[in-house]
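# Architecture and fold: a report
Next come the chains, spelled out residue by residue.
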Amino acid sequence: MVKEVSPRTAFTELHNNPQAQIIDCRTQAEWTYVGIPELSGIGRHLVKLEWQGLNGQLNDKFVAQIEQNLSKDTPIYILCRSGVRSLAACQSLAASGYTQLFNIRSGFEGDPDSKGHRGNVNGWKSEGLPWRQA
């Protein structure tokens, strides 16, 4: 089962639970040009693993790469731009037997504002959580 959590809740859980892991499933371009969560202040490391490439093709090794590194009962928080790809990634992991999956609702940039810009309405950046340019 996949649970939805806010970016702030995910950050708090990463801070409080040393077993919890965060996976940013956006693309290399997004990590480079938009930014990434900065977790060094809480002694954590961001796992970057693309769910799909810029061409829209799914990473057919996504689940296998997670299985190589994390047990099925690891609390896993997954982040994308707005919460859509991360939800699909969570659902795929759930189908493979993972039991503690958390989709980070509204993702890193969140929904667009009235001018079509992201990062102002909701999401990791909007909530004032630490981030940096990659």
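Given the structure is predicted, the values throughout are model-derived calculations rather than measurements. One numbering rule holds for all chains: residues counted from 1, following each sequence as written. Where local features are concerned, this predicted model is filtered to residues with pLDDT of at least 70; where side-chain atom pairs are given and counted, the filter is 80 or more; whole-chain, interface and lining totals use all residues. Where side-chain values are given, they derive from all heavy atoms of the structure, hydrogens and water being excluded.

## Describing the sheet that holds strand S1 (residues 2-5)
- Read across the sheet, five strands follow the order S1-S6-S5-S2-S4 without closing on themselves; strand pairing throughout is parallel. One side of each edge strand has no neighbouring strand; the edge strands of this open sheet are S1 and strand S4 (47-48).
- Two strands form a pair only when DSSP identifies at least two bridges running between them. What counts as a helix is a DSSP run of H or I of at least four residues, what counts as a strand is a run of E of at least two, and both are numbered from the N terminus. Bridge analysis of S1 against strand S6 (residues 101-104) gives four bridges, and the strand direction is parallel. Each residue of the ladder has a partner; that of valine 5, found in S6, is isoleucine 104.
- Should any heavy atoms of two residues lie within 4.5 Å, those residues are counted as being in contact. Here an axis means a line fitted to C-alpha atoms, over the contact stretch when the element is a helix, while the angle between two N-to-C directions is reported on a 0 to 180 degree scale. Across the sheet, helix H4 (residues 84-95) is in contact with S1, strand S5 (76-79) and S6; its angle to S6 comes to roughly 170 degrees.

## Description of the pattern of salt bridges
- One side-chain nitrogen of Lys or Arg within 4 Å of one carboxyl oxygen of Asp or Glu is enough to make a salt bridge. Applying the stated criterion across every chain, the model contains five salt bridges.
- Among the ionic pairs, arginine 8 bridges to glutamate 127, the shortest N-O distance being 4.0 Å. Residue arginine 8 is located in helix H1 (residues 7-16), and its partner glutamate 127 is located in the loop between S6 and strand S7 (131-132); the two are separated by 119 residues in the primary sequence.
- On the basis of relative accessible area, glutamate 127 is assigned to the partly exposed category, the value being 25%.
- Two residues, aspartate 24 and arginine 26, come together in a salt bridge whose shortest N-O distance is 2.7 Å. Each member of the pair aspartate 24 and arginine 26 is classed as buried. We call a residue buried when its accessible area falls under 20% of the maximum for its residue type, exposed when it is over 50%, and partly exposed in between, using a 1.4 Å probe and counting protein chains only.

## Concerning H4
- For H4, built from twelve residues, the straight-helix expectation of 16 Å at 1.5 Å per residue is met to within 8% by its first-to-last C-alpha distance of 17 Å.
- Contact partners of the buried residues in H4: S1, helix H2 (28-33), helix H3 (62-67), S5 and S6.
- Looking one or two places after H4, you find glycine 97, whose phi comes out positive at around 100 degrees. Here a helix's expected span is defined as the number of its residues, less one, multiplied by 1.5 Å.

Geometric values such as these leave the question of function open.
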